[in-house]
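Each chain, written out:
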Amino acid sequence: MPRPIPLRWALLAPTLLVLCGTAALIGLLNARNAERSAELLAMDLQHRTTREVEAFLSSELRGPQQAIQAMADAVDSGMVDPHQERATALYLSRLAQVFPNAPFLNYGLTDGTFIGVGQGGNRQDPQLVLVVTKPEAVLTTAQYKLL
């Protein structure tokens, strides 16, 4: 004959089951809420990072883009003849001084000649350097310090 279940166990078992079930449900809901919060935080961080990178790039690239446009306008208007290396170098050196965010400006001709003006060595070097590369001597590039 089976032993009767004590009243203490009969009352304690359902109470423990309800408490354990409630704790498990609260834990599950808390984990889901934490996951959603982490996803929202990650999305917010991605959006904020994207905005900051876009702002940084737009401010950093504004100068070089304006310098390129100024050079194109000067060539289109005939103010600068890119086949005259000295005149092109002087114009590029003026542009390099006006647009310090553009560390190196160059102009390429259809025959393969490149004329460039930029800061020598590194960004902290204020000395402008002229670089002329001719198509017949691609491996040798002449560099001249501009005064």
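Anything mentioned here points back to the structure above.
If you're wondering where the values come from, they're calculated on a predicted model, not measured in any experiment. (Residues numbered from 1 in each chain as written. Predicted model: local features only at pLDDT ≥ 70, side-chain atom pairs only at ≥ 80, totals over all residues. Heavy atoms only, no water.)

### Remarks on the pattern of salt bridges
Here is step 1 of the chain: As enumerated under the stated definition, the model contains one salt bridge in all.
Here is step 2 of the chain: As a salt-bridge pair, D44 and R48 come within 3.0 Å of each other at their nearest N and O atoms. Separated by four residues within a single helix, D44 and R48 lie in helix α1 (residues 7–77), roughly one turn from each other. (Salt bridge = Lys/Arg side-chain N within 4 Å of Asp/Glu carboxyl O. Helix = DSSP H or I, 4+ residues; strand = E, 2+ residues; numbered from the N terminus.)

### Notes on the nonpolar core
Here is step 1 of the chain: M71, Y91, L92, L95, L105, V117 and L130 are the most contacted members of the largest nonpolar core, which totals 18 residues.
Here is step 2 of the chain: Elements that contribute at least two residues to this core include exactly α1, α2 (85–98), β2 (114–119) and β3 (128–133).
Here is step 3 of the chain: The dominant element in this core, judged by the number of residues it contributes, is α2, at five residues.
Here is step 4 of the chain: In this structure, M71 is in contact with V80, T88, Y91, L92, L95 and Y107, ignoring residues within four places of it in sequence. (Core = buried A, V, L, I, M, F, W, Y, C linked by side-chain atoms within 4.5 Å. Buried < 20%, exposed > 50% of the residue type's maximum accessible area, 1.4 Å probe, protein only. Contact = heavy atoms within 4.5 Å.)

### What to know about the pairing of β3
Here is step 1 of the chain: Among the six residues of β3, six are classified as buried, and the element is accordingly described as predominantly covered.
Here is step 2 of the chain: Burial along β3 is two-sided: the face carrying L128, L130 and V132 and the face carrying V129, V131 and T133 are both buried.

### Digging into the packing of α1 against α2
Axes are the key here: two packed helices are described by the angle between their axes and the distance separating the axes.
Here is step 1 of the chain: The contact between α1 and α2 brings their axes to 10 Å, and the two run at 150°. As for how α1 packs across α2, the hand of that crossing is right-handed. Note on element contacts: α2 touches α1 through T88, Y91, L92 and L95, opposite A67, A70, M71 and A74.
Here is step 2 of the chain: A class-by-class count of the residues in the contact of α1 with α2 yields seven nonpolar, one polar and no charged. (Axes fitted to C-alpha atoms, helices over the stretch in contact; angles between N-to-C directions. Left-handed = near helix turned anticlockwise from the far one by under 90°. Nonpolar A, V, L, I, M, F, W, Y, C, P; charged D, E, K, R; others polar.)

### Some remarks on α1
Here is step 1 of the chain: With 71 residues, α1 extends 103 Å from end C-alpha to end C-alpha; this agrees with the ideal 105 Å at 1.5 Å per step.
Here is step 2 of the chain: Bending of α1 peaks at approximately 35° at the position of L61, with proline P64 no more than four residues after it.
Here is step 3 of the chain: Those residues of α1 not exposed but buried are G63, P64, A67, M71, A74 and V75.
Here is step 4 of the chain: Tucked inside the fold, the buried residues of α1 contact α2 and β1 (104–108).
Here is step 5 of the chain: Looking one or two residues past α1, G78 carries a phi angle of roughly 85°, positive in sign. (Expected span 1.5 Å × (residues − 1). Bend = angle between axes of the 7 residues up to and from the residue.)

All we've got here are geometric facts, nothing functional implied.
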